[in-house]
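# Observations on the three-dimensional arrangement
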Amino acid sequence: MAVEEQRAGSRVSRPEIRLVRRGFTDPARAVRLLEGPGLEGLADDPVLLDALGATADPDLALLGLARLLEAADEAERRTLRDTLTTSKPLRDRLLGVLGVSTALGEHLARHPHDWHALVTFELRDMHPGPEDFRRALAESVRDDTLTPANALRVAYRRCLLAIAARDLTGTTDLAQTAAELADLAGATLQTALDLAEAQDPQAAAACRLAVIGMGKCGGRELNYVSDVDVVFVAEPREGVDEQEALRAATRLAAALTRLCSDTTGEGTIWPVDANLRPEGRNGPLVRTLASHLAYYQRWAKTWEFQALLKARPVAGDAELGAAYVEALAPMVWQAAARENFVTDVQQMRRRVIDSIPATELDRQLKLGPGGLRDVEFSVQLLQLVHGRTDPALRSGNTLEALAALSRGGYVGRADAASLDTAYRFLRSLEHRIQLHRLRRTHLMPTAEEDLRRLARSLAALINDDTRSDPVAALQREWKRHAVEVRRLHEKLFYRPLLDAVAELPPGAAGLTPEAARARLEALGYTDPAAALRHISALASGVSRKAAIQRTLLPVLLGWFADSADPDAGLLNFRQVSDALGRTPWYLRLLRDESAAAEQLARVLSAGRLAPDLLLRAPEAVAMLGDPQGLVPRGRAALQSEVLAAVGRAGSPAAAVAAARSVRRRELFRTAAADVLGRLGEDPGEALDAAGEALTALNAATLQGALRACVAGWEAEHGTLPTRIAVIAMGRFGGHELGYGSDADVLFVHEPLLGSLEQDAALAAQAVCNELRTLLGAPSTEPPLLVDADLRPEGRSGPLVRTLASYAAYYRRWSHAWESQALLRAEPVAGDEELGARFRQLIDPLRYPGGGVPERDLVEIRRIKARIEAERLPRGADPTTHTKIGRGGLADVEWTVQLLQLQHGHELPALRTTRTRAALAGAVRAGLVDPADGEVLDAAWVLASRVRAAVMLVRGRPGDSFPGEARELAGVARYLGYGAGHSGELVDDYRRTTRRARAVVDRLFYGSA
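Report on the accompanying structure. Numbers given to residues run from 1 along each chain, matching the order in which its sequence is written. Note on the predicted model: pLDDT of at least 70 is required for a residue's local features to be given, and 80 or more for side-chain atom pairs to be given and counted; whole-chain, interface and lining totals, by contrast, use all residues. Hydrogens and water are ignored here; the side-chain numbers use all heavy atoms of the structure.

## Brief notes about the packing of helix H10 (residues 148–168) against helix H11 (residues 174–199)
- Only the stretch in contact is used when a helix axis is fitted, and all axes are lines through C-alpha atoms; the angle between N-to-C directions ranges over 0 to 180 degrees. Numbering of helices and strands starts at the N terminus; helices are DSSP runs of H or I of at least 4 residues and strands are runs of E of at least 2. Where H10 meets H11, the closest approach of the two axes is 11 Å, and the angle between their N-to-C directions is 170 degrees. The pairing of H10 with H11 is recorded here as roughly antiparallel in orientation. Facing Pro148, Leu152, Tyr156, Cys159, Leu160, Ile163, Arg166 and Asp167 of H10, the residues of H11 in contact are Thr177, Glu180, Leu181, Leu184, Thr188, Thr191, Ala192 and Leu195.
- In terms of residue class, the contact of H10 with H11 is built from ten nonpolar, three polar and three charged. Should an angle fall under 35 degrees it is taken as roughly parallel, and over 145 as roughly antiparallel, whereas 65 to 115 is taken as roughly perpendicular and any remaining angle as oblique. Note on definitions: a residue-residue contact is assigned when non-hydrogen atoms from the two residues lie within 4.5 Å. Each residue is assigned to one class: nonpolar for Ala, Val, Leu, Ile, Met, Phe, Trp, Tyr, Cys and Pro, charged for Asp, Glu, Lys and Arg, and polar for all the others, Gly among them.

Quick look at the structure:
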């Protein structure tokens, strides 16, 4: 306190300095209180002052004591003073409470005689049980000076005062305190029920009513201030009609709830919450046992069985309560076998985090990451998984269950001890916060005085020395425990799986193979036996590789379990590790770069495409450890690398293979970035980035392949007699390529001066044929299929034409659909000058000066309608087919292209090969209402993303949603939907495309 003394300087008196040294922060007020009524003669009592200084908040303790003495009558005041100065146990208990709880201090000021409740707890081994509390409450409600309801509330506070005193002086530990609070709650419910029956004897005579404690009350681990969760179950007495009995039981339950929850008079005890009953608030307040059983057998969700894990009879008919728990227990312990168990559990876990306001996330002791709910939730999940076969785990109390899990080998001993300590600290911190004003809160305070009081009250639980800076010590201890609990998922769920397949030291407890399989199944692995084999292969042995894998696997298994296909993630990881396990940098990267390890796990379990690409060249894992490793490269850089690789090759086949190798690696880069959400936060932005990256990659690959094939021809025949340009068409030309798209192109050539046209045509034909063959040939590298079917005369026409031949054909024979197809034409490889001249040739065709003639408009609409009627695959759902289904890609693209044909000659904004850019230009020009533009854009983006997701998940292209549930779940995950929400994705898709089709009908078909 030297700092405080120096600051005070000459402004404070010597008595005030003595108080500052004892921890008082307002010594002037303390001196006034010590000289005031009730405390006369105690100002210089060093025993009292030392006792006040030892409390969590000496100022608060002194204020509470002064108010108590002031409120007491003369005789009571004299007795209290004498006891206070002569009895250290009473002094420590009373001042300990007053130094922490303003609310209990105010209660003592209103009811001064209640300090005697502290004297009755003289022996350290006295632990009051439910009957002690029931007896104390029953005696109190017979007090004629208060109404029964107010007498119950005063008596409850009196008992709470005694529990808090024992807690704050260390007479009881956290577990005993929480149990006593739960027993007090049960006694209060019983007393309230007795009062309700006395007020309504006819109802009491008609039914048997049992009150089942749920949540923390049921688990005998209640907080100081908490809703008390209950379920009511009733049966008719002999000779009473069931409906009459239920009406009577409902009156009793409602009266009990009012007695405890009303805020009149002495204030509420705590709210009685019956919302965990079947159907929640919408269900009847009271049911018979048979009705409860029928609901849980037919309708209950997984979380409801998890809630029943803590069910315990606490009041009312004990025989009926025991029958309720006994009848429902078998269903509780079979919940982990339910079909959607893992999905339901994951959804609950996410909902807890999502429900926290952003401003409270870092202050939440209960619900936040590393908070109490993490411990409770994980312990309960392990109980549900392993309690099916091990009755020793079937406790409703978190700490008892954690100890049982440790004894059974389901949780490592050191991990269980660490979590036990963290849980006790966090619950004690929560208790101290609630005690201050007896308010239900789980938030860490921010005020300095509140934090200081908390730190001093928890000094025995804080490892650091709290004397110099108690607030900093408290913050460090809280964060230390929170970090420990954040690792909970790894500690409780995954590390014992390694023990199940590895050699354990003598005497160590580990999961049996059967328990390990049960745990993997509960976590979503559909083939637990295979998963255990993979874990064993990766982690068994004494090599450095196995040791590192044992460190990595607990975390990786958790990331795999959070995906739609954990089995595939684990299998892929084993295959990558088998290929790279002897490479020094691989395991070091994953061990030292947690971000790289997590990214690898997400990629390996997100679908088939990215893992397939990675397994063909596992060294690409290295890019996950590079901050810029998942940034797609630009076309110039790609083309430079491809051309360099082609130049080093000795033959056209080797050169094209080198280009395809670069393409495979860059495909993985783009796919991994896409899966991990690195291409942009906005879905449209991410889609455009992927399309641009894939377009640049295919263009560079074509450029390299063309140079290789020209070089090969020239090595055999001499100088090539013609120039060649490659024109991208379709999605390629629109920079809208997907992962499974072919490369639609046109080939154009122009003979060199002095060359015979026939020789030039034969040479160009040979080069382009070889290019297509080498890029599509079977190989370990993914093929690039080059499709030239959009050329004049289609497959029946020559593969390559001269610029003059194209001009002649378009002048004489071109159809409306060909002008429409040319809207996406863009040179991408070969001779740049020739490509530019081709563009000049087609611009008048795709942007006709007079717009679209009526006959062409009719033809375009007729072709579109025919495609819709004839080309939809048999059995396909037109509402979910992304390409030619209702409101899909074709609908939007044909609508936009029609606007380009009609107005492109006068509006430069429409002269683009990109669909979204052209649509935006049409909106800016007033051709499309902005709202309609948003509808069309949203439908096109969603349909394109669904196609991309299907390819990423299945590894092969598809235009419809997958029929297999796990694949559909993977598609939904990619699109941002949580586990179990695949149906919402399909519904959202149908809704979005239905709106788009309405716009298409108006803009394209001209419907009113």
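Now, onward.
## Brief notes about helix H20 (residues 398–407)
- Throughout, exposure labels follow a simple rule: accessible area from a 1.4 Å probe, protein chains only, divided by the maximum for the residue type, with under 20% read as buried, over 50% as exposed, and the rest as partly exposed. H20 sits mainly inside the fold: seven of its ten residues count as buried.
- Along H20, the residues that are buried comprise Thr398, Leu399, Ala401, Leu402, Ala404, Leu405 and Ser406.
- For this analysis, a polar contact is any N or O atom pair within 3.5 Å, provided that within protein one partner can donate a hydrogen and the other can accept it, and provided that sequence-adjacent residues contribute only side-chain to side-chain pairs. With a side-chain oxygen positioned 3.1 Å from the backbone nitrogen of Leu399, the residue opening H20 is Asn397.
- Phi for Gly409, located one or two positions after H20, is positive at around 85 degrees.

## Details of unusual backbone geometry
- Of note, Arg220 is a non-glycine position whose phi angle comes to about 55 degrees, a positive value.
- Structurally, Arg220 is set in the loop between helix H13 (215–218) and strand E2 (228–236).
- We classify Arg220 as partly exposed; its relative accessible area is 31%.

## Some points on the packing of helix H26 (residues 528–539) against helix H27 (residues 544–561)
- Remark: H26 packs on H27, axes separated minimally by 8 Å, with the N-to-C direction vectors making an angle of 145 degrees. Every residue of H27 that contacts H26 at Ile535, Leu538 and Ala539 is listed here: Ala546, Gln549, Arg550, Leu553 and Leu557.

## Regarding the pairing of strand E7 (residues 743–751)
- Burial runs high along E7: seven of the nine residues are buried.
- Strand pairing follows a simple DSSP-based rule, namely that at least 2 bridges must link the two strands. Strand direction decides the pairing type here: strand E6 (residues 722–728) and E7, joined by seven bridges, are antiparallel. In the strand pairing of E7, Ala728 is matched with Val745.
- As paired strands, E7 and strand E8 (residues 786–787) are joined by two bridges and run parallel to one another. Of the residues in E8, the one forming a bridge with Asp744 is Asp787.
- Handedness of the E7-helix H36 (residues 757–776)-E8 crossover: right-handed.
- Pairing geometry for E7 and strand E9 (residues 800–802), over three bridges, is parallel. Residue pairing in the sheet places Val748 in a bridge with Arg801 of E9. If the strands point away from the viewer and the path from the first strand over the helix to the second runs clockwise, then the crossover is right-handed.

## Comments concerning the nonpolar core
- Counting residues in hydrophobic clusters, the biggest one holds 173 residues, and the most contacted among them are Leu429, Leu474, Phe573, Leu702 and Phe747.
- Top contributing element to this core by residue count: helix H34 (residues 683–717), with 15 residues.
- If we ignore the near neighbours within four places in the chain, the residues touching Leu429 are Leu365, Met444, Leu454, Leu458, Leu474 and Trp478.
- In this structure, Phe24, Leu84, Val211 and Val286 belong to the second largest nonpolar core, which totals 86 residues. Buried Ala, Val, Leu, Ile, Met, Phe, Trp, Tyr and Cys residues that are joined via side-chain atoms within 4.5 Å together make up what is termed a nonpolar core.

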